Amino acid sequence: MKTIHTFIVMLVCGGLLWQTAAAAQSSTRRPDGDWLDQSQAEIRSQQVANISYDIFLALGEAEMYIGGVELHFDFTPGHGPLTIDFGGGEVDHLEINGGSSPFEYNGSFITVAEKNLQAGENRIHIRYRHSYSRDGTGLHRFTDPVDGRVYLYTYLWPYYANRLFPAFDQPDLKAAYTLEVSAPKDWSVVSAAKETAIREEGGNRFWSFAETEKFSTYIFSLHAGPYAVWEDTAGDIPVRLFARQSLADYVAAEEWFDVTKRGLAFYRDYFDIPYPFYKYDQLIVPDFNIGAMENVAAVTFTENFIQRGPASRAQQEGRASTILHEMAHMWFGDLVTKKWWNGLWLNESFATYMAALALTEATEFNDGWHGFFLSSKLSAFRADNLVTTHPIEVPVPSTADFFSVFDSITYGKGASVLKQLAHYIGEDAYRAGVSAYLKKHSYQNTELSDFIAALSEASGRDLKPWADQWLYKAGVNRIEARFQCRSGQISDFSLHQTAPADLPTLRQQRIEAGLYDLNGGDAEAIARIPVEISGPETGVPDALGEVCPDLVYPNDRDWGYVQVTLDPVTLENLGTRLSAIEDPLLRSMLWQSLWEMTQKTELSFPAFFDLVLANLPQEENRRVLQQVSASMLAAIALLDRLAPYADDAVSGYGPKLEAMMWGRLNAADIETPLRRLWYNSYVSAVRSGEGLDNLHGLLQGEIHLPGMEIGQDQRWTLIQTLVSFDYSGVEDLLAEERARDISDAGILQALAAEASMPDISVKRGWVAELQNPASDLPLSRQRAVIFSLFPSYQSGLQAELMPEISGDMVTLGENRDAYFLSSYVGTLLTGACDAKALEYLDRALEQADRLDPTVRRFLREAHQQDAACAAIKQSLRQ
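Residues numbered from 1 in each chain as written. Predicted model: local features only at pLDDT ≥ 70, side-chain atom pairs only at ≥ 80, totals over all residues. Heavy atoms only, no water.

1. Things to note about the overall build of the protein
- Along the backbone of the protein there are 29 helices and 29 strands.
- The C-alpha atoms of the protein give 28 Å as radius of gyration, which agrees with the globular expectation for 878 residues (29 Å, within 12%).
- Each principal axis of the C-alpha distribution contributes one length, and for the protein these read about 90 × 70 × 55 Å.
- Considering only contacts in the protein between residues 6 or more positions apart, those separated by 24 or more positions represent 72%.
- Put simply, the protein shows about 32600 Å² of open surface, and 48% of that area lies on carbon and sulfur atoms. (Helix = DSSP H or I, 4+ residues; strand = E, 2+ residues; numbered from the N terminus. Rg over C-alpha atoms; globule rule 2.2 N^0.38 Å. Contact = heavy atoms within 4.5 Å. Areas by Shrake-Rupley, 256 points an atom, 1.4 Å probe, with all protein chains shown as cover.)

Laid out in structure tokens, this is it:
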């Protein structure tokens, strides 16, 4: 076998040979396409075992990189030809066991005939070339517009490792990896293992890395470039942090390391298992498609976690939560991995749950469960009320169906159900079961039954019935308290559970009913009563004889996964006293119930707005303020789309809310963190000429807010709003700001502002650019345009362009990646709120069986939401 070093030199210096591919003969053929069916993965799992990869890469600033890989594996014949996943590259040479061999390559995978392999040990040697990606998948290349430096990183989840090197790219074929890389001498190179040697030769350095533990291909990684580096240790674990040079001054490295150290110690103790890998690197990278990725020992994060100004408390917490989420994966996901993608939910749900637990118990954010309710729980409620809701555990026929389960059911609902399960069996039993599961299955692949078995054994309860109710059936239940009082005491008390007609399961869970007295203004707990509910009605005998309450919340302290309808007594008593309730989590849950009742028209919009005007100015908790402001802004956006059909009594609330927010923004008695929240809400809510003048004054420094400076990111928000309303002189403002901020973030913001112009010809041009599969715009810039193209007050322009936006969705799905499709369809086809535009969505859905799974899923959601809005508009016309 050639040494790694010799092979790299040959790739860099020598000629590249082309091996003419011969057809592999087989009775079992894998369908062509850039995806992997589960059935084909199962066949391949029977063919290969004991896998390792020797990977060789020559990197630089050219548009392509040169690579080589030697696959070592044991082969079991009798299952047809062997395929090796390799998407979008060029195969220059292939050898099997030291000799040239015929093969087929269709641009998605290499096929080798079974007769060319031997039973037992085999090695396949492949030399190849591949373009760097521009869509954030595979090996992504980014040039910093500030200083021209080039940065590389990989994103290989779920099925993109084969865009880096030819591989058996499925989670249950774990392998060991050795790596050697040639790169420019001023670059750092980072991967799953620690480098063992760095040699300088000519203008390059050759990096050698130790062989790794066995893990799945999607969590392998390679990152390279002239990154700024910070170093520390967490006990005996080396930890490093990387970011672009031009952003180095803005990186909160000390804060990042503090959370890292706390998290590693917490998880070590909670799981009773030491950190399973040698070192722990974290890289903050540009153009990243998602929040973060749990690559083994080299986690990647979006640059959204870097602020070019003071970070808000919410931003600091979001950063800490994501650090802890990815870290939890090192044990649950990387050390122990699901067998196939139907197990994605358990990986992500568990990490989400553990991040909230670690955040609460190991960091300064000790109210982390409140944040969990507002993020994970509420996102799950929204997803569970969509037409595309699905059970937590669902089949995933192929990697092309991945986005069918990459949603808030996977993350938010799954995590909420695990939280509910911990209350159901007891937190000590839950922890013991998780630890036993991880110890038993380390470096292996598992299925859901393995996890349930471990928790069943630890708790002494058969959890299969629980799993059947919670994991295999879709939907969310609602509960309402019903009670009667006699002589000031409760004489009858029960909890009533309902389910949607099409999802009729009534689930069993342990919750806590909270009974409160409001006579003193604050909500004083009369009693908190644990209840195990099941079926349509559950009596609560422990409540009998208690003082008659002013307020009842059936899911007190948020133990369960259930939506709450407020009883008439509670609803009547809230009024102006809502802001006086001391417990912030209780206030949040009450506000959420009020907002849900408004969306279901059980509470009118004027009644909701009156509650906001009466209570929100007194709110001092940042979480509650942000939550209610978001609901208020959603209501204002709906009024935008209903105009001019909403009556004056409803539309008149817009100026009232705007004035209330401007007053609080300028008040002297609020702290800067809350003022920033009021600022964000006000900028988003402005519709009036007076409000736009205020924004212009803030931008030009003519208006000053107490204790708050307008930073670069805030300046862009102001400009985008002014541009979207075609404010006087706005083109000059945009040109000046574009010249002021030449960073990548500035380029993205400028594109967003340009896209938001209320000009039909501008928007038509952007729609055409987005639909062009040969567009030069990287995905990050396309997304910046998509998310800003149609503000809610421009829904008329969106409706006018719907024939073009929704045209030929079949071809769009065939030509574009799932990340683009989820953004395009999920954003541009939602919100027109117009009956005529809805007809175009109907036409697109007539081809449902031909649509890409991602397109079909987001198109169905867009249709559901637009139909509901259009129906409200139609009712107002009559």
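2. Quick word on the sheet that holds strand 3 (residues 82–85)
- The sheet built from three strands is open, its strands ordered 3-7-6 with antiparallel pairing. Bordering the open sheet on either side are strand 3 and strand 6 (104–105), each of which pairs with just one other strand.
- As defined by bridge partners, strand 3 adjoins strand 7 (residues 109–112) across four bridges and the pair is classed as antiparallel. Bridge pairing in strand 7 places threonine 83 opposite threonine 111. (Pairing = 2+ DSSP bridges.)

3. Here's the deal with the pairing of strand 9 (residues 138–143)
- With five of six residues buried, strand 9 lies mostly within the body of the structure.
- Summarising the sheet, strand 9 and strand 10 (residues 150–155) pair through six bridges and their orientation is antiparallel. Residue arginine 141 lies in a different strand from strand 10, and its bridge partner there is leucine 152.
- Here strand 9 hands over to strand 10 after six residues, with glycine 148 in that stretch at a positive phi of 80°. (Buried < 20%, exposed > 50% of the residue type's maximum accessible area, 1.4 Å probe, protein only.)

4. Observations regarding a nonpolar patch on the surface
- A contiguous nonpolar surface patch, about 220 Å² in accessible area, is contributed by Tyr645, Ile872 and Leu876.
- Relative to the helices and strands, isoleucine 872 resides in helix 29 (residues 853–877). (Patch = residues over 30% accessible without salt bridge, like charges linked within 9 Å, V, L, I, M, F, W, Y side chains within 5 Å. Salt bridge = Lys/Arg side-chain N within 4 Å of Asp/Glu carboxyl O.)

5. Some points on the nonpolar core
- Residues Tyr53, Leu59, Trp157, Trp331, Tyr430, Tyr824 and Leu829 are the most contacted members of the largest nonpolar core, which totals 288 residues.
- Counting residues per element, this core draws most heavily on helix 5 (residues 344–362), at 13 residues.
- Tryptophan 331 has contacts with Leu264, Tyr267, Arg268, Phe271, Ile273, Pro274, Tyr275, Pro276, Val336 and Leu438, leaving out every residue within four places of it along the chain. (Core = buried A, V, L, I, M, F, W, Y, C linked by side-chain atoms within 4.5 Å.)

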